[in-house]
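Now for the letters of each chain:
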Amino acid sequence: MGRRPLVDTDITCLRKQMAGPMFLSFPLAANTCQRMTGHGLLLADKNPKPIALDLKGAPDLQAQADEYGYHYTR
């Protein structure tokens, strides 16, 4: 499934991935939803890096991000 461009925020994407019928764990959902520098294009960035998840207003997801060591904005 994954992230829908221009529609999903980090929070909505994570919640969808962690809900049924997928029921992914936070790390799998975060890896599915996390954006990369260079917009994911092969030739845009030689060393793409993950962009911090925007989890403003979602303290439950922030707690899970802390637990698993993911970078996020508050």
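To keep things clear, this report deals only with the structure shown in the data block. None of these values were measured; they are calculated from a predicted model.

**What about the packing of helix α1 (residues 10-18) against helix α2 (residues 26-33)?**
Interhelical geometry of α1 versus α2 gives an angle of 135° and a closest axis separation of 9 Å. Taken together, the axes of α1 and α2 are oblique relative to one another. In this structure, α1 crosses over α2, and the sense of that crossing is right-handed. Mapping the contact onto sequence places D10, C13, L14, Q17 and M18 in α1 and F26, A29, A30, T32 and C33 in α2. Looking at the contact of α1 with α2, its residues break down into 7 nonpolar, 2 polar and 1 charged.

**Notes on the pattern of salt bridges**
Under the counting rule described, the total for this entry stands at 4 salt bridges. Residue K16 pairs with D8 through a salt bridge whose shortest N-O separation is 2.6 Å. On the basis of relative accessibility, which here comes to 28%, the residue K16 falls in the partly exposed class. Overall, D8 belongs to the buried group, its relative accessible area being 9%. For R35, the salt bridge is made with D10, and the minimal N-O distance between the two is 3.7 Å. Linking R35 in the loop between α2 and β1 (53-54) with D10 in helix α1, this pair joins segments that are 25 residues apart in sequence.

The rules behind these values
Residue numbers here run from 1 along each chain, matching the order of that chain's written sequence. A pLDDT threshold of at least 70 governs which residues receive local features in this predicted model, and a stricter bar of 80 or more applies before side-chain atom pairs are shown or counted, although totals over entire chains, interfaces and linings include all residues. Side-chain calculation: all heavy atoms of the structure are included, whereas hydrogens and water are not. All axes are obtained by fitting lines to C-alpha atoms, using only the stretch in contact for helices, and the reported angles, taken between N-to-C directions, cover 0 to 180 degrees. Starting at the N terminus, helices and strands are each numbered in turn, a helix being any DSSP run of H or I of at least four residues and a strand any DSSP run of E of at least two. Should an angle lie under 35 degrees it is considered roughly parallel, over 145 roughly antiparallel, and from 65 to 115 roughly perpendicular; all remaining angles are considered oblique. In this scheme, a crossing is called left-handed if the near helix is turned counterclockwise away from the far one by less than a right angle; it is called right-handed if the turn is clockwise. Note on contacts: a residue pair qualifies if any of its non-hydrogen atoms lie within 4.5 Å across the two residues. Charged residues are taken to be Asp, Glu, Lys and Arg, nonpolar residues to be Ala, Val, Leu, Ile, Met, Phe, Trp, Tyr, Cys and Pro, and polar residues to be all remaining types, Gly included. Basic side-chain nitrogens of Lys or Arg form a salt bridge, by our definition, when they fall within 4 Å of a carboxyl oxygen of Asp or Glu. Residue exposure (1.4 Å probe, protein chains only): buried if accessible area is under 20% of the type maximum, exposed if over 50%, otherwise partly exposed.

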